[in-house]
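# Remarks on the overall topology
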Amino acid sequence: DMTENEREKREALQHLLAANGIREDDLKYPERVTTIEMVLDEYCSMKGLRHFTNLRMVCMIQQAVCRIEGLETCVHLEKLLLNENEIMKVENLSACTRLKHLNLSSNRIKELGQGLYGLGDLQVLWIAENNLTSLAGIEMAPALTDLNAARNSITTVQGALQRNQKLRILNLADNTICSFRDVLELSRLPALTELNFSDPDWGENPIGLLCNYQTYILYHLPLLTVLDRYRVPKEDHQAAEALFARKRLFYNTRAKLLRRQCADGIRFARAVHEDRVMAIRSELEVATKTLKRLDAVAQARQMNPEEALVAEGGDDDEKARQVAEQKLQACQAELEDQAIFIEDVCEQLRHERDAFLKSLQTELESGGNVRLESVAPEKEPWAKQVEDLVRARFRAMEFDHYGIDDIKVQSITRVYNESLRARFEDNIEKMGIDQNTRELEYLFYVPEPGSAPSDLRTVAEEGPGGSAGAGARRKSPDAAPST
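Small disclaimer: the values here were computed from a predicted structure and weren't measured. (Residues numbered from 1 in each chain as written. Predicted model: local features only at pLDDT ≥ 70, side-chain atom pairs only at ≥ 80, totals over all residues. Heavy atoms only, no water.)

## Here we look at empty space enclosed by the protein
Per the stated rule, a full pass over the model turns up one cavity of 30 Å³ or more. Along the walls of the largest cavity sit Asn212, Thr215, Tyr216, Phe244, Lys247, Tyr251, Glu363, Leu364, Gly367 and Gly368, which together make up its complete lining. Elements supplying a minimum of two residues to the lining of the largest cavity: helix H3 (213-220), helix H4 (234-303) and helix H6 (314-365). Per-element accounting of the lining of the largest cavity gives the leading share, three residues, to H4. Along the lines of polarity and charge, the residues of the lining of the largest cavity split into four nonpolar, four polar and two charged. (1 Å grid on protein atoms, 1.4 Å probe; cavity = no way out; pocket = protein on both sides within 12 Å on 5 of 7 lines; lining within 4 Å. Points joined across faces, edges and corners; volume = space filled by probe spheres on them. Helix = DSSP H or I, 4+ residues; strand = E, 2+ residues; numbered from the N terminus. Nonpolar A, V, L, I, M, F, W, Y, C, P; charged D, E, K, R; others polar.)

Put into structure tokens, the structure is as follows:
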């Protein structure tokens, strides 16, 4: 009688014999089998593969395979094709240390996890059309040269490909990538020559809708020869470099102007401060002299009491002394306040300069897709509407304790973020909402006073739903979403 293991081996061999045209002699010597190819053969389990210890290539496509297994003895395996199955987890591949080509496309995989552990020689990985939300775990295959992760739910590749320095071909089509930050991340891959955010076989990413899309990518990836499946001639790289150089010059000029305006503002503030200090010191000197004169008169009266009895004006001198002492104290207090005030003014100017410089940097780094517009309420109708909204929500009774009975809106910042707009529009489309009838919204965000610049920068890049938190919202039937 055959054991269960022998029976399993026999059945596996017979099935594979029929599917692969294996000779009868190979039933006795399974180590002779180096290739197994099965497509639509209803062979749903991989367990039988462990009997073929000399396999070089395995192809099991559309077999309804649910789990990767049976490969613990396949130490010579170089190519594994398991696309169009029902696999949910990348696992049990650590013994296949010679594996160079792995195709797991069109399965149900949600994450790579530790599944690529031990695959130090893996060069080609196709994991398109799965349920991935990130590429975490891809660093375990540092020899990768070709990665296809199209048609997943990946939002960013930041921090995922740092160890994949040999990557030459990368397909990220039909994901939800919408930020040029990912392009900056990919610029750290020295061997990358082909990049696809859009692919006619798969689909597109929201990033493709951003302005200066091609220019930005070609400038930051000068070695790219293929973009979105199209050849990139040298002339396109040269044009992108020239255009980006002009943009950089424009932003550098604005930054220099901003620094000069800040320096001029500080000089003007210090000049006004010095004038005021001189006026206070002049008043202080007058008060000091008055007190000295009154002290001299009082001393003279003490030395000549008889004359003091005859002399008049004692009450007037006392009033004059009180006025002079009050003036002296007021001048001294104002001098102290002026010293603090001028430093506060200069610090505020530097603070605003740095905030504007960071916004310029963000605008440049985002290719003009993220920018901030700050205006006074009286300058723009939309800003006036925002001011009215804020003032309508102010409740004086809540601030009685602080002596505040009203507020004044000095500046309102409107953020334009085409990346978030593209993501918003993409989600709206996936939800099936009619673009013509749907109601859009403005989102309003009021930062904490102590962290306003950093918060505004975070909101500008990530939106109010990011780490800075969400703000108030006002519905408007004809307004576009301010992200």
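## Some details on the pattern of salt bridges
Enumeration according to the criterion identifies 20 salt bridges in this entry. The salt bridge partner of Arg353 is Asp354, with a shortest N-O separation of 3.2 Å. Taking the shortest distance from any N to any O, the salt bridge between Arg391 and Asp406 comes out at 3.3 Å. Pair noted here: Arg391 is in helix H7 (residues 381-393) and Asp406 is in the loop between H7 and strand E12 (412-417), with a separation of 15 residues, a long-range link. Exposure remark for Arg391: the relative accessible area of 35% places this residue in the partly exposed category. Counted as one network, the salt bridges with shared partners bring together Glu129, Arg151 and Asp174. (Salt bridge = Lys/Arg side-chain N within 4 Å of Asp/Glu carboxyl O. Buried < 20%, exposed > 50% of the residue type's maximum accessible area, 1.4 Å probe, protein only.)

## Structural notes on unusual backbone geometry
Residue Glu84 is not a glycine yet carries a positive backbone phi of 60 degrees. You can see Glu84 is positioned in the loop between strand E3 (79-81) and strand E4 (101-103). You will see that Asp228, though not glycine, has its phi angle at about 55 degrees, which is positive.

## Let's talk about the environment of Thr35
Mapped onto the elements, Thr35 comes out in strand E1 (residues 35-39). Under the relative-accessibility criterion, Thr35 is labelled partly exposed at 33%. Along the backbone, Thr35 and Asn54 are 19 residues apart, and their C-alpha atoms lie at a distance of 8.8 Å.

## Comments concerning the packing of H3 against H4
Here H3 crosses H4 at 100 degrees, and the two axes come no closer than 8 Å. By the angle between their directions, the pair H3 and H4 is classed as roughly perpendicular. Listed contacts from H4 to Gln214, Thr215, Tyr216, Leu218, Tyr219 and His220 of H3 are Asp236, His237, Ala240, Glu241, Leu243, Phe244 and Arg248. When its residues are assigned to classes, the contact of H3 with H4 shows six nonpolar, four polar and three charged. (Axes fitted to C-alpha atoms, helices over the stretch in contact; angles between N-to-C directions. Parallel < 35°, antiparallel > 145°, perpendicular 65-115°, else oblique. Contact = heavy atoms within 4.5 Å.)

## What about the pairing of strand E2 (residues 57-61)?
Burial analysis of E2 places five of its five residues in the buried class, which makes it a mostly covered element. In terms of strand pairing, E1 meets E2 through five bridges, oriented parallel. By the bridge assignment for E2, Ile36 is matched with Val58. In this sheet, E3 lies alongside E2 in parallel orientation, the contact comprising three bridges. Paired with Val58 across the bridge in E3 is Leu80. (Pairing = 2+ DSSP bridges.)

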